[in-house]
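Commentary on secondary and tertiary structure
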Amino acid sequence: MSQRVLTTESGAPVADNQNSATAGAGGPLLLQDQHLLEKLARFNRERIPERVVHARGSGAYGHFEVTDDVTEFTYADFLSTVGRRTEVFVRFSTVADSLGGADAVRDPRGFAVKFYTEEGNYDLVGNNTPVFFIKDPIKFPDFIHSQKRDPFTGRQEPDNVWDFWAHSPEATHQVTWLMGDRGIPASYRHMNGYGSHTYQWTNSAGEAFFVKYHFKTNQGIRCLSAEQAAETVGRDANSHQTDLLQAVERGVRPSWTLYVQLMPAAEADGYRFNPFDLTKVWPHQDYPLRRVGRLVLDRNPDNVFAEVEQAAFSPNNFVPGIGPSPDKMLQGRLFAYADAHRYRLGVNHTQLAVNAPKATTAQNYGRDGLMASNAQGRAAKNYEPNSYDGPAETGRPLSAPLAVAGHTGTHAAPPHTKDDDFFQAGELYRLMSAEEESRLIANIAGGLSQVSRDDVIDKNLAHFHAADPEYGRRVAEAVRALRED
């Protein structure tokens, strides 16, 4: 077979890819060397802005198969038949560090699933924890600023991290998760995934249910201690990427079983705490897990940049039968995620192969913009309604409407009987074994003892005391011991 010819981007053959054109054998370079200029110019532009959060990620393709009938709760077509398979792309990530950060660190993990359904792409964007640090998106930029590298020191600062948490008592539940044994997963395969937010399902009769998603790993939960993580990072900073890539290449086919919790919409107002509060879980005795299907990964991306770095997940990508809830954090992310991708990738990022629908075709009146590739026929109109047989609206909402009432303003959420910031953090602590408790205390004290201000330490200790008196006492003693050393 004859060797293919190297060409420029315009398709012209390249005569010499080893030597630049010069004025004489030892002379300066020539501006006319189009191949050299093209290579350098492209090289300068190969990188795009990284994600502000979830920058460091890995991904794989696979499928989701329905194993149980849930048509009583949603008319989503891809969930309509037991045995039905839908192609998926899943992206895992750390949250706080940059694209070049290490994998095995104490940090939440992103768990984002793109379902390529016949009614459009459905994006389910969550984490490996069922809760989060805050409950209102107006605090999100401040929270992330406190967790990212300090603008002066250029590193993550315990003073910033714990100062924000000191002023955000609602973070106590997630801090307990993060500092516990599941704070450093051994790999992406060995952790659960959660939708975290509350979403809405609507059935064919128009009945609405609020829903929480739980992807339970079939590989079993495996986590690292702080010491094991430090050793892992020193051996392979890309440990999670390496593990996922090699597992899929070996044909291991990592999998998760999807369960949901379902709350009839009418029960939300009277529930004992706000069911749309992202810092809370719904106890399983109230709303048991119901199995839905199985998520399987079986193919690695061919190009990490094109398919992982450019993968764009937006929680506003719903399909008929699934919609949003009044969850404030979800409502904020409906805008923020899509806007982040328009900034990073351009307004036509949905035309990239990893983001474009696969089981259907996008048909709308969006035109032009940077890197537009959806050229229409010359008679196609770019407005609607029209008289030329262009795509038209269905008139059928994707989900049931959300009830609203009251006056506009910056309201706190209406109080429920169990709406405090510490109750569930205490319950989580009391579920732990003695060994798990000891590791949790050591992890918290290790960070909190580095804080320079006593008042910030005291504010955080008060949160742990409020969650459980023993929890608070043990953290206080551990912090004091470390600061006296």
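Summary of the structure given here. (Residues numbered from 1 in each chain as written. Predicted model: local features only at pLDDT ≥ 70, side-chain atom pairs only at ≥ 80, totals over all residues. Heavy atoms only, no water.)

1. Details of the overall build of the protein
Note the following rule: Secondary structure counts use DSSP, requiring at least four H or I residues in a row for a helix and at least two E residues in a row for a strand, with both numbered from the N terminus. The globule rule used here is 2.2 Å times the number of residues to the 0.38 power, and the radius of gyration it is set against is calculated over C-alpha atoms. In what follows, a contact means two residues having at least one pair of non-hydrogen atoms within 4.5 Å. What sets the accessible areas is the Shrake-Rupley method with a 1.4 Å probe; for residues, cover comes only from the shown protein chains. By the counting scheme adopted, Arg and Lys are positive, Glu and Asp are negative, and His together with the chain ends is not counted. Where a charge sits is defined by one atom per residue type, namely NZ (Lys), CZ (Arg), CG (Asp) or CD (Glu).
Counting its regular elements, the protein contains 12 helices and 10 strands. Expected size for 485 residues packed as a compact globule is a radius of gyration near 23 Å; at 25 Å, the protein falls within 12% of this value. Here the C-alpha coordinates of the protein stretch approximately 80 × 65 × 50 Å along the principal axes. Considering only intrachain contacts with a sequence separation of at least 6, the fraction spanning at least 24 residues in the protein is 74%. Within the structure as shown, the protein displays about 24700 Å² of accessible surface, and the carbon and sulfur contribution to it stands at 52%. In the protein, which carries 50 positive and 61 negative side-chain charges, the distance between the mean positions of the two groups comes to 3 Å.

2. A word on the pairing of strand S8 (residues 255–264)
The criterion, for reference: Residue burial is assigned from relative accessible area. The probe radius is 1.4 Å, only protein chains are included, and a residue is buried under 20% of its type maximum, exposed over 50%, and partly exposed in between. Pairing between two strands is assigned when DSSP locates at least 2 bridges connecting them.
With 8 of 10 residues buried, S8 lies mostly within the body of the structure. Here strand S7 (residues 208–217) pairs with S8 via 9 bridges, running antiparallel. Of the residues in S8, the one forming a bridge with Phe210 is Met263. Sheet topology places S8 next to strand S9 (residues 290–299); 6 bridges connect them, and they run antiparallel.

3. Observations concerning helix H2 (residues 140–147)
Along an α-helix, residues three or four apart share an orientation, since each turn contains 3.6 residues. Applied cut-off: The arc in question is the one traced by the directions running from the helix axis out to the C-beta atoms.
Residues of H2 that are buried: Phe143, Ile144, Ser146 and Gln147. Down the axis of H2, the sector holding all buried residues measures 160°, keeping them to one side.

4. Examining the packing of aromatic side chains
Under the convention used in this document: Each Phe, Tyr or Trp ring (for Trp, its six-membered ring) is paired with any other whose centre lies within 6.5 Å, and the angle between the two planes then decides the class: stacked below 30 degrees, edge-to-face above 60, tilted in between. Over a ring means this: the NZ of a Lys or the CZ of an Arg is within 6 Å of the ring centre and within 35 degrees of the ring normal.
Going through the model one piece at a time under the given rule, you end up with 29 aromatic pairs. When the centroid spacing of 5.6 Å and the interplanar angle of 85° are considered together, the rings of Phe64 and Phe115 count as edge-to-face. Residue Phe64 is located in strand S1 (residues 57–66), and its partner Phe115 is located in strand S3 (residues 109–117); the two are separated by 51 residues in the primary sequence. Phe115 matches Phe64 in its accessibility class, with the two residues each being buried. Taking the centre distance of 5.7 Å and the plane angle of 35° together, the rings of Phe92 and Trp256 count as tilted. Residue Phe92 is found in strand S2 (residues 85–94), and its partner Trp256 is found in strand S8; the two are separated by 164 residues along the sequence. Taken individually, Phe92 and Trp256 each receive the classification buried, so the pair is uniform in this respect. If you follow Arg299 out to its NZ or CZ, it ends over the ring of Tyr61, 4.0 Å from the centre. Over the aromatic face of Tyr116 sits the side chain of Lys358, whose NZ or CZ is 4.9 Å from the ring centroid.

5. A few points about helix H12 (residues 469–484)
To keep things clear, this is the line we draw: A helix's residues, less one, multiplied by 1.5 Å, set its expected span. For the purposes of these results, a polar contact is taken to be a pair of N or O atoms within 3.5 Å, where, inside protein, one atom must be able to donate a hydrogen and its partner to accept one; residues adjacent in sequence count only when each atom of the pair is a side-chain atom.
Helix length check: H12, at 16 residues, gives a terminal C-alpha distance of 23 Å against a target of 22 Å (1.5 Å per residue), a fit within 8%. On the buried face of H12, the contacting elements are helix H4 (172–179), helix H9 (423–431), helix H10 (434–448) and helix H11 (454–467). The N-cap of H12, judged by a side-chain oxygen 2.9 Å from the amide nitrogen of Glu470 a few residues on, is Asp468.

6. A look at the side chain of Ser168
Along the chain, Ser168 falls in the loop between helix H3 (158–166) and H4. The contacts of Ser168, once residues within four sequence positions are left out, are Lys139 and His463.

7. A few points about the packing of H11 against H12
The line we're drawing: As a rule, the C-alpha atoms of each element are fitted with a line to give its axis, helices using only the stretch in contact, and angles between N-to-C directions run from 0 to 180 degrees. Small angles under 35 degrees read as roughly parallel and large ones over 145 as roughly antiparallel, with 65 to 115 read as roughly perpendicular and the rest as oblique. Each crossing is labelled by how the near helix is turned from the far one, with a counterclockwise turn of less than a right angle marking it left-handed and a clockwise turn marking it right-handed.
One can describe the packing of H11 onto H12 by two numbers: an axis separation of 5 Å at closest approach and a directional angle of 150°. What the angle tells us is that H11 and H12 run roughly antiparallel. Read as a crossing pair, H11 and H12 show a hand that is right-handed. Packed against H11, whose contacting residues are Asp454, Ile457, Leu461, Phe464, His465 and Ala467, the element H12 presents Pro469, Tyr471, Gly472, Arg473, Val475, Ala476, Val479 and Arg483 at the interface.

8. Points about the pattern of salt bridges
Side chains that differ in charge, positive against negative, can pair when their charged atoms come close. Our working definition: Criterion for a salt bridge: a side-chain nitrogen of Lys or Arg within 4 Å of a carboxyl oxygen of Asp or Glu.
Applying the stated criterion across every chain, the model contains 29 salt bridges. Note that Arg84 and Asp77 form a salt bridge whose closest N and O atoms lie 2.7 Å from each other. With relative accessibility at 24%, the residue Asp77 sits in the partly exposed group. Its salt-bridge partner being Arg474, residue Glu437 comes within 3.0 Å of it at the nearest N-O pair. Of this pair, Glu437 sits in helix H10 while Arg474 is found in helix H12, placing the two residues 37 residues apart along the sequence. Look at Glu437 and you get buried, because its relative accessible area is 12%. Salt bridges sharing partners connect three or more residues here, namely Lys135, Asp277, Lys280 and Asp421.

That is the geometry; function is a separate question.
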